[in-house]
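Given next are the chains, with one letter for each unit.
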2 protein chains.
Amino acid sequence: MLTYEIDRNSDKPVYIQIYRFIKRDIESGRIKSGEKLPSKRGLADNLGVSVITVENAYSLLTAEGYIRSVPKKGYYAESLPDIPTAGEPLEISAEELPKEEEQVPNMFPFTVWTKIMREELTLKNTSLMTSPAEGVFELRRAIAEHLHSFRNMDADPRQIIIGAGTEYLYILIRILLGDKKVIAVEEPGYSKIANVYESLGMKCRQVSVESDGISIDELVKSQADVVHISPSHHFPTGVVTSVGKRYSLLSWAAGGRYIIEDDYDSEFRLSSRPLPSLFSIDVSDRVIYMNTFSKSLTPTIRISYMVLPPALIEKFRGKIRSFSCPVSTFEQYTLARFISDGSFERHIRRLRRYCKNRREELMKIIAENPLFKGAEVSGSSAGMHCIVKFRTKQSDAELLESVRATGFKADLLREHYRYPPAEDLHTLVIYY
Amino acid sequence: MLTYEIDRNSDKPVYIQIYRFIKRDIESGRIKSGEKLPSKRGLADNLGVSVITVENAYSLLTAEGYIRSVPKKGYYAESLPDIPTAGEPLEISAEELPKEEEQVPNMFPFTVWTKIMREELTLKNTSLMTSPAEGVFELRRAIAEHLHSFRNMDADPRQIIIGAGTEYLYILIRILLGDKKVIAVEEPGYSKIANVYESLGMKCRQVSVESDGISIDELVKSQADVVHISPSHHFPTGVVTSVGKRYSLLSWAAGGRYIIEDDYDSEFRLSSRPLPSLFSIDVSDRVIYMNTFSKSLTPTIRISYMVLPPALIEKFRGKIRSFSCPVSTFEQYTLARFISDGSFERHIRRLRRYCKNRREELMKIIAENPLFKGAEVSGSSAGMHCIVKFRTKQSDAELLESVRATGFKADLLREHYRYPPAEDLHTLVIYY
């Protein structure tokens, strides 16, 4: 039986530790190709962890090709194929592992989802399901109705475009707006956004996020043609863009520029009523609204959408004519019904209750732990993390270490900057 | 009951005609918003068409939002939302309708597919299904095994990248190779390829297709860095690139250029053994092989893949790091099993038999029909169409009309050129 020493104080989740141990053993040949791995329960008992944890580790190993699951038999080690070029070993790097902040609690109602999928497959003549480039109309209508009831937004289903993950939407936007555009992104921010735009050949400018949203002064100076922001809940600071600044942004954009309103975690908000979206107060057709279901449902499903201002729809139809909608029609119909029969709203309500409880637990721990004395907590109005600014003389590295040592999942705010400030910020992002 | 006059001699399929009639009536208000449509059987009887035909029309109307299906009740006309801008009515244009040449016979084994999907959903802990940017390893391995047995290609699963439709692969290639590249495409050819590359900011050069493949002289003169070709079966001419030319192409590419080998319909070939793929005879790592399941299975499923030469894998891992695989993990696992349990090969065998029969029927009609006297038929070794060069004094337009009048589905070869020759080609593409 495999025996590994689990480090419970590590900042690496236990399933990642087990995954790494087994991978190392397969690579070194200690576990031989074709060898049967212990059952999930057996290994869980042996290591003193839950079956779910072993399952997590086995799933990751399966997805990466280290082991193979044989139905009704178990898991077997794979022979590792040799890649002709030397190159680095194909270990998945830390960046590729699901990030803590991206992990939605495992609450997605898979049984409901598969029931609906089965029913749709029986009900419809599946071989005739067609999808225009914009996506299936039933899904676009369901999203429009959801946006109306949930976000008080009036979007016509015909303005809604379905994509496979947010990156795909960035690509469409890049095609729609052309490649000569300069795009402003938030600093600090979600590094992936600038990375993807840059890999598509666009120029990015980092613009500071202030306590009430992105800096308008810097935005003007950046000479950007487009700005990509998350006004309802900025990552990682949690800043909500003020109403005043929303109008300044719209005024900035009115002269032919565009605002991409990324509402990626609006479903997770804890407060009762959000500020109106930029899209809904825009009268000049300058706002592209986008959101994704990979975050609110499960990363297993790659469905995102954007709402184009009417003037861009024509342009879309011209430019994207050659593209097919990248999402399987099966899943489009399933999601349409999942939304329209109320399952999605029920799921969101449960998710929010869960976030609220976790947040309260965290606040209690922070209040009681001397390490946090004098610290300011902010940005916890939505999402699964908050920002803590410490009153300390410790360096950022020391600070992170001592907070992690007490069992928190955290990283440094400075890590979310493209150009981190030279001085220590004494500020952590804590995930719950 | 709705009564429409179906034109059986039209080149528009009957379901498209019914679709257009009903759409027109909804738009004009003759069919009122909320009004119940006749049952599929009822309308089919009334119009003297098959239930499947009405089903096709209703599916298209549903996908486009003109009618709505209410489970166990029937179909209802929708209220048409007003789009704020005037713009053209949102009629789907001819280009957006499924093209004849893209229509795979409706033979996809949906029952097998859904059975596997259900089993996978039960068997696996679905909430833990993860997919790296390259796609789920199980699927990549299944594809590698399929390529080995079916195409005699040795690809390591780790060289295989999963995408959502071929356009998505073009995007990845554009990111991988950079935007300064000039890409050569086939003339005539599948117009979508150049359209998509151009919308991504790449420069395209049209290079003539000769009887043994793309012109090497023109390719050299074009100064292209990359060429996108379909050597096993060119669309629409059906030309198969000769072995000699394959080596010339590899020699052209050896100096740092790339060949994109688009094997889009190799599953449909009728001859026993295809020529080896360029990928498999390439020793300089210059060939990117790609294929799609949307064509061989059903357009409902958007899964495609490419096989990168080892040297590009590292580059991929660096550049595409920020991207997530756009295909739902559910479907990746389902397809993996559909391939590895033999369902895919069984499906292909049935498909080929079907193509072969249709081809023989067509050849018989051609042989007997005086219109085709002296005509040369070519390019029918694979796929669902052939090229017919007529011995006639008719203009191309007249020729097309007279062939369509006898019930053939056809278009002009010249329509597949970006820069059509001035003179008449007397050549049609006939679909069966």
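The coordinates are above.
Treat the numbers as computed from the prediction; the structure is a model and nothing was measured. (Residues numbered from 1 in each chain as written. Chains lettered and ligands numbered in written order. Predicted model: local features only at pLDDT ≥ 70, side-chain atom pairs only at ≥ 80, totals over all residues. Heavy atoms only, no water.)

Caption draft 1: Up close: the overall build of chain A. The helix and strand tally for chain A stands at 15 helices and 14 strands. For a compact globule of 432 residues, the expected C-alpha radius of gyration is about 22 Å, and chain A comes in at 23 Å, within 12% of that figure. Projected onto the principal axes, the alpha-carbon positions of chain A cover approximately 65 × 65 × 45 Å. The buried share of chain A, taken over its 432 residues, is 59%. Across chain A, every contact between residues at least 6 apart in sequence was considered, and the portion connecting residues at least 24 apart equals 70%. Surface summary for chain A: the accessible area is close to 17,600 Å², and the carbon and sulfur share equals 49%. (Helix = DSSP H or I, 4+ residues; strand = E, 2+ residues; numbered from the N terminus. Rg over C-alpha atoms; globule rule 2.2 N^0.38 Å. Buried < 20%, exposed > 50% of the residue type's maximum accessible area, 1.4 Å probe, protein only. Contact = heavy atoms within 4.5 Å. Areas by Shrake-Rupley, 256 points an atom, 1.4 Å probe, with all protein chains shown as cover.)

Caption draft 2: Geometry of the environment of Met1 of chain A. Residue and element names in this part refer to chain A. With respect to the helices, strands and loops of the structure, Met1 is situated in the segment before α1 (14-28). Met1 gets classed as exposed once you look at its relative accessible area, which sits at 62%. In this structure the C-alpha to C-alpha distance between Met1 and Leu37, which are 36 residues apart in sequence, comes to 8.5 Å. Setting aside chain neighbours within four positions, we find Met1 in contact with Pro38, Gly42, Leu43 and Asn46.

Caption draft 3: Just the pairing of strand β1 (residues 67-70) of chain A, in detail. Residue and element names in this part refer to chain A. Direction of pairing for β1 relative to strand β2 (residues 74-77): antiparallel, over a ladder of four bridges. Its bridge partner being in β2, Arg68 is matched across the sheet by Tyr76. In this antiparallel pair of consecutive strands, β1 and β2, the connection spans three residues, and Lys72 shows a positive phi of 65°. (Pairing = 2+ DSSP bridges.)

Caption draft 4: Fine view of the packing of helix α2 (residues 40-47) of chain A against helix α3 (residues 51-63) of chain A. Residues and elements named next belong to chain A. Packing of α2 against α3 leaves a shortest axis separation of 8 Å and a crossing angle of 115°. The way α2 lies across α3 gives a crossing that is right-handed. Of α3, the residues touching α2 (which contributes Lys40, Arg41, Leu43 and Ala44) are Val51, Val54, Glu55 and Tyr58. Broken down by class, the residue content of the contact of α2 with α3 amounts to five nonpolar, no polar and three charged. (Axes fitted to C-alpha atoms, helices over the stretch in contact; angles between N-to-C directions. Left-handed = near helix turned anticlockwise from the far one by under 90°. Nonpolar A, V, L, I, M, F, W, Y, C, P; charged D, E, K, R; others polar.)

Caption draft 5: Spatial organisation of the pattern of salt bridges. Within the structure shown, the criterion is met by 32 salt bridges over all chains. Among the salt bridges present, the one from Arg141 of chain B reaches Glu78 of chain A, with a minimum N-O distance of 2.2 Å. A residue pair is termed interchain when its members come from two chains, as with Arg141 of chain B in helix α5 (residues 137-151) and Glu78 of chain A in the loop between β2 and α4 (110-123). For Arg141 of chain B, a relative accessible area of 9% corresponds to the buried category. The partner of Lys115 of chain B in a salt bridge is Glu119 of chain B, with the nearest N and O atoms 3.2 Å apart. Of this pair, Lys115 of chain B and Glu119 of chain B both sit in helix α4 (residues 110-123), four residues apart, which is roughly one turn of the helix. On the basis of relative accessibility, which here comes to 47%, the residue Lys115 of chain B falls in the partly exposed class. Judged by its relative accessible area of 32%, Glu119 of chain B is partly exposed. Through salt bridges with shared partners, a single network forms among Arg24, Asp25 and Arg30 of chain A. (Salt bridge = Lys/Arg side-chain N within 4 Å of Asp/Glu carboxyl O.)

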